Amino acid sequence: MDTDRLGRPIVVVTGMGIITSLGEGQAANWQALTAGRSGIRRISRFPIDNMKTTIAGTVDFLPVAEQSAPALSQHLAERVIEEAVAEAKIGRPGDFPGPLLLALPPVEMEWAQRLALAAASGAPTTGDGQVSYDDLLRAASSGKFEAYYRRFLFASVGEALADRFGTKGSPIATSTACASGGTAIQLGVEAIRRGDSAAALVVGTDASVNQESLIRFSLLSALSTRNDPPSSASRPFSKDREGFVMAEGAGALVLESLASARARGAEILGVVEGCGEQADGFHRTRSSPDGKPIIACMRNALADAGLSPDAVGYINAHGTGTPENDKMEWVGVSTVFGERAGAIPMSSNKSMIGHTLTAAGAVEAIFSILTLRHQVLPPTINYDIPDPSLPVDCVPNVARAVSGVRHAISNSFGFGGQNVCLVLGVA
Amino acid sequence: MADDRDALITGIGLISCLGSGIEATWESLASFSPVLDLESFAPFPVHPMAPLELDKQIPKRGDQRQMEAWQRIGVFAAGLALDAAQLKGNTDLLGRMDMIVAAGGGERDYAVDAAILSGYGKQENPGGWLNERLLSDLRPTLFLAQLSNLLAGNISIVHGVTGSSRTFMGEEPAGADAVRIACARIAAGQGDVVLVGGSYNAQRPDVLLQCELGGTLGRAPFAGVWSRQKAGGGMFMGSVGCFLVIESRASAVARGVAPYARIAAVKTDRCRRDAGQATANAQAQLAALPAFDAANTAVISSASGVAAPTQEEAAWLATLGLPVRSTATAIGHSMEPAFLASMALAAASVRQGTLFPALDPAEAPMTAPLRSALVTGWGHWRGESLALVTAA
């Protein structure tokens, strides 16, 4: 059967590509993740004087010509797409047979560019001289900075990827904050279920560890300040958790209808069985105290997959390591799964790779599929002090071999109240 | 043939320099004269937002304070659309309603930016000083006014739309793709009622800076989008909020609401914009539309004014021989909501059964009754979109 119980095309994954602070590629990432290694390090990309948080999961092992969030995000996306498309053996070079669904951080000119414009404007930058946006506009009118214009259009990354990989139609760049990767996957699943396309290229990418982004999160008191050693900072579910660690990464998935994958003889890596979402109208940064949106999100995903909670054998937690998130995620999980909740392994990849923000939903969906394929549960590292209010089996500190785990869910909860849950199944 | 899965527009919220609401906009269009602010951002004219009675759509002052202008514009327009569709207070339906927002980013703190730009070069350790300034001068909540997805977040908070929430980014095509995905989901039974829209605050130096880096802004004096091409073209930006409630016919009938119009088709595509590629996309999109009666059809164009794409679009439109109106002439160009605003004007015109008067000497009058409208959405940089709006 190529269709599900509702007559919809079954959506499978036939290619994956991944980069995190742990390394590049599925093999390197999986090896490090199951060894319990941390990718968090001291920030070397910009000065950290006066910063309360001086660590991040940066991807700085790949040389790039240009340092800006969209440039680096695009570069990571290109590399993970190369890996995913090569594995899927789909289409031809520069000719991917489906749409591009991209999870992308918001794009904005950065300080390097503002300062370059100020310098070029001729405005006095010594003594009592003042520089205003009028000066920047005058510099812009010289026509010498057109490269900035193209770089900082929101459409620039998607358009560049569409040009390079030959995806079909208008590329969609989506942002639902930390749920973006999940939203992009959901958009791809829906397109295939509608029969719009037999395949879709989904990518989540985020390389926005820069001074201002770090400070913005810091000002919201969202980040861990446990800087020493960096590897100890991200501690989901531990009683002494105090915030998340900003991180970079990218994940690409080739989604395909089961019928198309079979017809091509493609290897099926996993199944996207269901997607659920539910927005939260409670507050801009806090989730509803009753957990209703999170609960509804997971239930919607299970209903979409046609599965009861009993079928789920592993939860890839959103698990950011903020006091609030982990508490609310447990409220949601314990309500949805009832008495089984504490017995279902539920680990957080973010303990090792940090929070890859926009990319997290895609990166962690890939790790969830690798978890099902290998039947090995990646651990939650830095689990030193159990939190009695969160009686969770977080696969503490050491990976665990399992058997018979056929269905996993992957949670993504975003700032601004946007929640996505995916149900992933073995091939 | 009426079908349960037809996508109908049952609510419109449009705010711009021409007024608050589609009715006020329609009245302004009947005796059009451009509304421009020539001074604030000289030499760049902008179409300023009309005065808004914010309390009517954003009753809590705390909510108003938590937002910057681009979010207030969007949340206000979303409220108007929900009002028009008689959805306000329908907690159950709002809690299941889907939402797709097309958004850029939010305002910066211009005083903080200016102080940093002025002082940076005078420091011994400029990097450390930048950190110190940002840490002490940025308002913690400003981030929440800047994030693209927080327009949708605020709509969830203020209006209670929480079934789903997705934000698309990417200038004009983001707005067109939001409409396309909403219609596709309705047609496939993946959703029944979708709030779709976006907002743009043109009265911001940082967005004008982004446009001017590409040399895309026009200078005074004002001329309509088509007429200004003789002087080299360019965009006059406008502050715009536009939301539509797009609903399956089955749902609209069940709720007993009168639709404005039907979205019979919406197509989006892209190209590198080599000569003729955008025209080829538009031609292919036109060929894929359902049949319409040309004698009773007009074009609502979202052309930005930027010379190359606007002139190519004008040449293509000339081959159709239909009356044309330019949304950007009326309310300025607005990036993400530009296509949505054109859809709103098309839907209102189809419901009225008449096209509004020409806005520019290059636009022909139309005396025949209007039964359908083509809506174009060629982005100022990338993306080509085409929709057919018909009587419901």
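Since the structure is predicted, the reported quantities are computational estimates derived from the model, not experimental observations.

Rules used in this analysis
- Residues numbered from 1 in each chain as written.
- Chains lettered and ligands numbered in written order.
- Predicted model: local features only at pLDDT ≥ 70, side-chain atom pairs only at ≥ 80, totals over all residues.
- Heavy atoms only, no water.
- Contact = heavy atoms within 4.5 Å.
- Buried area = accessible area lost by both parts, 1.4 Å probe.
- Salt bridge = Lys/Arg side-chain N within 4 Å of Asp/Glu carboxyl O.
- Polar contact = N/O pair within 3.5 Å; in protein donor to acceptor, adjacent residues only side chain to side chain.
- Helix = DSSP H or I, 4+ residues; strand = E, 2+ residues; numbered from the N terminus.
- Nonpolar A, V, L, I, M, F, W, Y, C, P; charged D, E, K, R; others polar.
- Domains from an automatic or database assignment.
- Buried < 20%, exposed > 50% of the residue type's maximum accessible area, 1.4 Å probe, protein only.
- Phe/Tyr/Trp six-rings, centres within 6.5 Å; stacked < 30°, edge-to-face > 60°.

(A) Layout of the interface of chain A and chain B. In this complex, chain A contributes 75 residues to the contact, which on the side of chain B involves 76 residues. Around 6800 Å² of area is buried between chain A and chain B when both sides are counted, 61% of it from carbon and sulfur atoms. Where chain A packs against chain B, one counts 11 salt bridges. As a salt-bridge pair, A:Asp163 and B:Arg382 come within 3.5 Å of each other at their nearest N and O atoms. Taken together, the connections running from chain A to chain B amount to 38 residue pairs in polar contact (both at pLDDT 80 or more). If you list the elements that add at least two residues to the side of chain A that touches chain B, you get helix H3 (111–121), helix H4 (133–141), helix H5 (146–151), helix H6 (156–165), strand S6 (172–174), helix H7 (180–194), helix H8 (211–219) and strand S9 (270–279) of chain A. Along the lines of polarity and charge, the residues of the side of chain A that touches chain B split into 36 nonpolar, 23 polar and 16 charged.

(B) Broad picture of the domain arrangement of chain B. Residues and elements named next belong to chain B. Examined at the domain level, chain B breaks down into domain 1 (7–107 + 146–390) and domain 2 (110–143). Taking only C-alpha atoms into account, the centre of domain 1 sits 36 Å from that of domain 2. Taken residue by residue, the interface counts 8 residues in domain 1 and 5 residues in domain 2. Approximately 590 Å² of surface area, both sides summed, lies buried where domain 1 meets domain 2, with 54% of it carried by carbon and sulfur atoms. Among the residues domain 1 hides against domain 2, the three largest losses belong to Glu68, Gln146 and Leu147. Together they make up 58% of the total. The tally of links between domain 1 and domain 2 comes to 1 salt bridge. Measuring nitrogen to oxygen at the nearest pair gives 3.2 Å for the salt bridge that ties arginine 139 to glutamate 68.

(C) Geometry of the side chain of A:Ser180. All names here are of chain A. By the element assignment, serine 180 lies in helix H7. Owing to a relative accessible area of 0%, serine 180 belongs among the buried residues under this scheme. Here serine 180 is in contact with Ala103, Thr174, Ser175 and Thr358, once residues within four sequence places are set aside.

(D) Region of the structure containing the pattern of salt bridges. Counting across every chain of the model gives 53 salt bridges over all chains. Close ionic contact of A:Arg373 with A:Glu267 constitutes a salt bridge, the shortest N to O distance being 3.1 Å. In this pair, A:Arg373 sits in helix H13 (residues 360–374) while A:Glu267 sits in the loop between helix H9 (258–264) and S9, placing the two residues 106 residues apart along the sequence. Taking the relative accessible area as the measure of exposure, A:Arg373 reaches 39% and is therefore partly exposed. For B:Arg219, the salt bridge is made with B:Glu212, and the minimal N-O distance between the two is 3.0 Å. On the basis of relative accessibility, which here comes to 3%, the residue B:Glu212 falls in the buried class. Each member of the salt-bridge network shares a partner with another, and the members are A:Glu108, A:Glu212, A:Arg216, B:Arg108 and B:Asp113.

(E) The arrangement of the environment of A:Asn50 in detail. By the secondary structure assignment, A:Asn50 is in the loop between strand S3 (41–42) and strand S4 (55–56). Judged by its relative accessible area of 46%, A:Asn50 falls in the partly exposed class. Separated by 269 residues in the primary sequence, A:Asn50 and A:Gly319 have C-alpha atoms spaced 28 Å apart. Other than its neighbours up to four places away in sequence, A:Asn50 contacts B:Gly128, B:Glu132 and B:Leu135. Within the structure, the side chain of A:Asn50 is placed 2.9 Å from the backbone oxygen of B:Gly128, a separation counted as a polar contact.

(F) The arrangement of the packing of aromatic side chains in detail. Within this structure, the stated rule accounts for 8 aromatic pairs over all chains. Between A:Tyr133 and B:Tyr110, the ring centres sit 5.4 Å apart and the planes meet at 85 degrees, which makes this aromatic pair edge-to-face. Of this pair, A:Tyr133 sits in helix H4 while B:Tyr110 sits in helix H5 (residues 110–119), each in a different chain. Accessibility expressed as a relative area gives 7% for A:Tyr133, which makes it buried.

(G) Highlighting helix H10 (residues 205–213) of chain B. Residue and element names in this part refer to chain B. Across the 9 residues of H10, 9 count as buried, placing the element largely inside the fold. Among all positions in H10, only Pro205, Asp206, Val207, Leu208, Leu209, Gln210, Cys211, Glu212 and Leu213 are buried. At the C-terminal side of H10, glycine 215 shows a positive phi close to 65 degrees.

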